Amino acid sequence: MVFMAALESDLRALSVEARRRYPAVKDGAEHAILKLRSLSSPSEIAHNEDILRIFLMACEVKNVKLSVIGLSCLQKLISHDAVAPSALKEILATLKDVCSNVYMLSIILFLPL
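Residues numbered from 1 in each chain as written. Predicted model: local features only at pLDDT ≥ 70, side-chain atom pairs only at ≥ 80, totals over all residues. Heavy atoms only, no water.

Chemist: Got a sec to walk through the nonpolar core? Specific residues and values, please.
Modeler: Residues Leu 7, Leu 11, Leu 14, Ile 45, Ile 54, Phe 55 and Leu 77 are the most contacted members of the largest nonpolar core, which totals 31 residues. If you list the elements that add at least two residues to this core, you get helix 1 (2–18), helix 2 (23–37), helix 4 (49–60), helix 5 (64–79) and helix 6 (88–109). Counting residues per element, this core draws most heavily on helix 4, at 7 residues. Apart from the residues within four sequence positions on either side, Leu 11 is in contact with Ala 29, Ala 32, Ile 33, Leu 36, Ile 54 and Phe 55. (Core = buried A, V, L, I, M, F, W, Y, C linked by side-chain atoms within 4.5 Å. Buried < 20%, exposed > 50% of the residue type's maximum accessible area, 1.4 Å probe, protein only. Helix = DSSP H or I, 4+ residues; strand = E, 2+ residues; numbered from the N terminus. Contact = heavy atoms within 4.5 Å.)

Rendered as structure tokens:
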């Protein structure tokens, strides 16, 4: 399935990008790759918190490259109905936090010195 292969590729990219500065993200991504291989459909992913958790963690570390991967994968999970309804509150809280950080950074960057 193309969706599953894309998620595995994104998890690999996350692992490589996080390898030195964020070992918890790297380990979580590698663990999620193993979990993903045992699953066969988006509905099974929705019932496995490990996959979602690593993408939320990637957004929370405040690293642009990791956040971009995390946000992209959250979008893929949602568009393929691979997220449990009970997880939406946590996803929205993470998105709110990421957006507020981006907004604050844009304000700081454009303040006159």
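Chemist: Before we move on, could you go through helix 1 and cite the residues and values that matter?
Modeler: Taking 1.5 Å of rise per residue, the 17 residues of helix 1 would be expected to cover 24 Å, and the 24 Å separating its terminal C-alpha atoms lies within 8% of that figure. Within the sequence span of helix 1, burial applies to Phe 3, Met 4, Leu 7, Glu 8, Asp 10, Leu 11, Leu 14, Ser 15 and Ala 18. What you see down the axis of helix 1 is that its buried residues fit within an arc of 160°, all on one side. (Expected span 1.5 Å × (residues − 1). Arc of directions from axis to C-beta.)

Chemist: Quick one: what's the story with the packing of helix 2 against helix 4, residue by residue and with numbers?
Modeler: Across the interface, helix 2 lies against helix 4 with an axial gap of 9 Å and an inter-helix angle of 155°. Taken together, helix 2 and helix 4 sit at an angle that is classed as roughly antiparallel. Judged by the sense of rotation from one axis to the other, the crossing of helix 2 with helix 4 is left-handed. On the side of helix 2, the interface is formed by Ala 24, Val 25, Gly 28, Ala 29, His 31, Ala 32, Lys 35 and Leu 36, while helix 4 contributes Asp 50, Ile 51, Ile 54 and Met 57. (Axes fitted to C-alpha atoms, helices over the stretch in contact; angles between N-to-C directions. Parallel < 35°, antiparallel > 145°, perpendicular 65-115°, else oblique. Left-handed = near helix turned anticlockwise from the far one by under 90°.)

The values are spatial; any link to function lies outside them.
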